[in-house]
Amino acid sequence: MNTPVKPAVAAKKPQNVQKDDAMSLQKELINANYMDLATAHQQGRKVAATFVPGNLNELLMCFDFARSLPETNALQNGMRKKSGKFIMDAEREGHSEDVCTYVKSDLGMMAGGEIGPTGDPLPTPDVLLLSYTGCFTFMKWFELIRHKYGCETTMLHVPYQGEGRIEPNMRDYVVRQLKESVIPTLERVSGVKFDIDRLREYMKESAKAEEDLVAVLQSAKNRPSPIDGYFGAVYYIGPIFTAFRGSKDGTKFYRMLREEIEQRVREGKGPITPDGEMTDEKYRLIVEGPPNWTSFRDFWKMFYEEGAVVVASTYAKVGGLYDFGFRHNPDKPLESLAEYCLGCYTNLNLPSRVDMICRYMEQYEADGLLINSIKSCNSFSAGQLLILREVEKRTGKPAAFIETDLVDPRYFSAANVKNRLESYFQMVKQKRTALAA
Ligand code: SF4
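## Re the nonpolar core
With 140 residues, the main nonpolar core has Leu59, Tyr102, Tyr236, Ile286, Trp293, Phe303 and Tyr315 as its most contacted residues. Sequence-distant contacts of isoleucine 286, that is, excluding residues within four places in its chain, are made with Val311, Ala312, Ile357, Tyr360, Met361, Tyr364, Ala366, Gly368, Leu369 and Leu370.

## With respect to the site of the ligand
Around the ligand sit Cys100, Tyr102, Cys135, Thr137, Phe138, Trp141, Cys377, Ser379 and Leu406, and those are all the residues in its vicinity. For the shell around the ligand, the element with the highest residue contribution is helix H6 (residues 136-149), accounting for three residues. By residue class, the composition of the shell around the ligand is seven nonpolar, two polar and no charged.

## A few points about the packing of helix H7 (residues 168-190) against helix H12 (residues 333-342)
Contact geometry for H7 and H12: axes closest at 9 Å, N-to-C directions at 115°. The orientation of H7 relative to H12 falls into the category roughly perpendicular. Pair H7 / H12 crosses with right-handed handedness. Note on element contacts: H12 touches H7 through Leu334, Glu335, Leu337, Ala338, Glu339 and Leu342, opposite Met170, Arg171, Val174, Val175, Leu178, Lys179 and Ile183. Residue composition of the contact of H7 with H12, grouped by class: nine nonpolar, no polar and four charged.

## Considerations on the confidence of the model for the chain
Averaged over all residues, the pLDDT of the chain equals 93, while 96% of them reach at least 70. Taken together, the stretch residues 1-5 has pLDDT below 50 and engages in zero contacts with residues farther than four places along the chain or on a different chain. Across residues 11-15 the pLDDT falls below 50, and counting only partners more than four positions away or on other chains, this stretch makes five contacts in the model.

## Examining unusual backbone geometry
Trans is the common state for peptide bonds, and a negative phi is the common state for residues other than glycine. Cis geometry is found at the peptide bond from arginine 223 to proline 224, where omega equals -5°. If you trace the backbone, proline 224 turns up in the loop between helix H8 (196-218) and helix H9 (231-241). Here aspartate 64, not a glycine, exhibits a phi torsion of approximately 60°, which is positive. Among the secondary structure elements, aspartate 64 is positioned in the loop between helix H2 (57-61) and strand S2 (66-68).

## Topic: the sheet that holds S2
Overall, parallel pairing links the four strands, which are arranged S2-S1-S3-S4 in an open sheet. Strands with a single pairing partner mark the edges of an open sheet, and in this sheet they are S2 and strand S4 (152-157). The sheet shows a mean angle of 25° between the axes of neighbouring strands, direction not considered. With three bridges joining them, strand S1 (residues 47-50) and S2 adopt parallel strand pairing. By the bridge assignment for S2, alanine 49 is matched with serine 68.

## Comments concerning helix H3 (residues 70-79)
Most of H3 is tucked away, with nine of its ten residues classed as buried. Among all positions of H3, only Pro70, Glu71, Thr72, Asn73, Ala74, Leu75, Gln76, Asn77 and Gly78 are buried. Those residues of H3 that are buried are in contact with helix H1 (21-40), S1, S2, helix H4 (83-92), helix H5 (101-111) and H6. One or two residues past the end of H3 sits lysine 81, with phi positive at roughly 60°.

## Examining the packing of aromatic side chains
In this description, a pair of aromatic rings is defined by centroid distance and the angle of the planes. Within the structure shown, the criterion is met by 26 aromatic pairs. Just above the ring of tyrosine 340 sits the side chain of arginine 245; from NZ or CZ to the centre is 4.5 Å. Across the ring face of tyrosine 345, the terminal group of arginine 353 is positioned such that the distance to the ring centre comes to 4.8 Å.

## Structural notes on the packing of helix H11 (residues 296-304) against helix H16 (residues 414-436)
Helices that pack against each other are described as a pair by the angle of their axes relative to one another and the distance between those axes. Taken N-terminus to C-terminus, the directions of H11 and H16 make an angle of 20°; their axes are 10 Å apart at the nearest point. In this view, H11 runs roughly parallel relative to H16, as classed from their interaxial angle. Every pair of crossing elements has a handedness; the one defined by H11 and H16 is right-handed. Contact with H11, carried on its side by Phe299, Met302 and Phe303, involves Ala414, Val417, Lys418, Leu421 and Phe425 of H16 and no other residues of that element. Looking at the contact of H11 with H16, its residues break down into seven nonpolar, no polar and one charged.

The rules behind each value
- Residues numbered from 1 in each chain as written.
- Predicted model: local features only at pLDDT ≥ 70, side-chain atom pairs only at ≥ 80, totals over all residues.
- Heavy atoms only, no water.
- Core = buried A, V, L, I, M, F, W, Y, C linked by side-chain atoms within 4.5 Å.
- Buried < 20%, exposed > 50% of the residue type's maximum accessible area, 1.4 Å probe, protein only.
- Contact = heavy atoms within 4.5 Å.
- Near = heavy atom within 4 Å.
- Helix = DSSP H or I, 4+ residues; strand = E, 2+ residues; numbered from the N terminus.
- Nonpolar A, V, L, I, M, F, W, Y, C, P; charged D, E, K, R; others polar.
- Axes fitted to C-alpha atoms, helices over the stretch in contact; angles between N-to-C directions.
- Parallel < 35°, antiparallel > 145°, perpendicular 65-115°, else oblique.
- Left-handed = near helix turned anticlockwise from the far one by under 90°.
- pLDDT = per-residue confidence, 0-100.
- Pairing = 2+ DSSP bridges.
- Phe/Tyr/Trp six-rings, centres within 6.5 Å; stacked < 30°, edge-to-face > 60°.
- Lys NZ or Arg CZ within 6 Å of the ring centre and 35° of its normal.

Put into structure tokens, the structure is as follows:
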């Protein structure tokens, strides 16, 4: 007789997707921001668009801008299964198959009228704030939007961390641009005078939320991990990586989330998945690369059904790298904004990324590394094979590679991904057994 296999997830609730309280609040916040955008122009407010890595949310709040994050719009459309059509519309307009699919999803959405992912109006931005943190596509993306709408643009050039460290002259260069070009443009477009004390107040809120977020992400060092540091973390990072860093709503969310997760640690519980609590942690993984959004739940399920939990991921740091100590500092507001931008994951060189992953492997006692290589994201994908080999060499733990895409449903092959994952989990098991022998 076969021994019954213990399911990794507690009894499935057939219809309702399981969410913890903070996940529900997260959804409310994100929807509230879309409502804020929808009504901004009627209320006489201006709209700014800016990218997630290196976003200067606190600064934009000083000028009362409603904030739109184009990557978030694209991923929300991906999760709602709308992006496939938008991408094909953009391709018909002449955008190549190789272009980042966030860009094509965004352009396709805009071509269809000013309607955002939630079905609410998404206004044309009054200003594009391009904080350039390592991805060349950012520049081309905003060039296209500027061309289409004639929006005002302001660019913050952030020097690449080629040597793996931030030098004082790099920070000074960014601060100078903030003073001489970015802030005057934001003042002119918004009609609001810059008040540095207002910025300081927002940054105090940012630092509190960052402290709580780090506690949440580092809770995954426990066994079992009370969170999934990739799929679950997507919900946790949403507010702080978008329009809520620096706001009281953001601070409240992270305090509540932290309390909820600390309670799970005390009770020795595993992470909440869409099918309920994960009860049998078998594999602890580090993941590099963004997730696929069009089949997000199916993708996650391939992990939790096998008892695999992601204990840390680089993607959960894409809008700010806080777990190695950086906090927004209200005593040095502009310098701190500069350091935040310089320290973004997309602005790190390959050796720094390898070091970071190796630290995660050790600190989170991971069994291995999994790389989700995204077809259209060169910023993440370039050098990933090198990362894989180097991490394997340095840690002696198995690493594997899967390929999907962000929001293009044509590039998510469920059968292929599942096959690869199953073989990888077998490999992890064998390696663990061999090491224990
Ligand atoms: S290439 Fe990657 S980092 Fe750049 S915009 Fe697209 S998804 Fe973002």
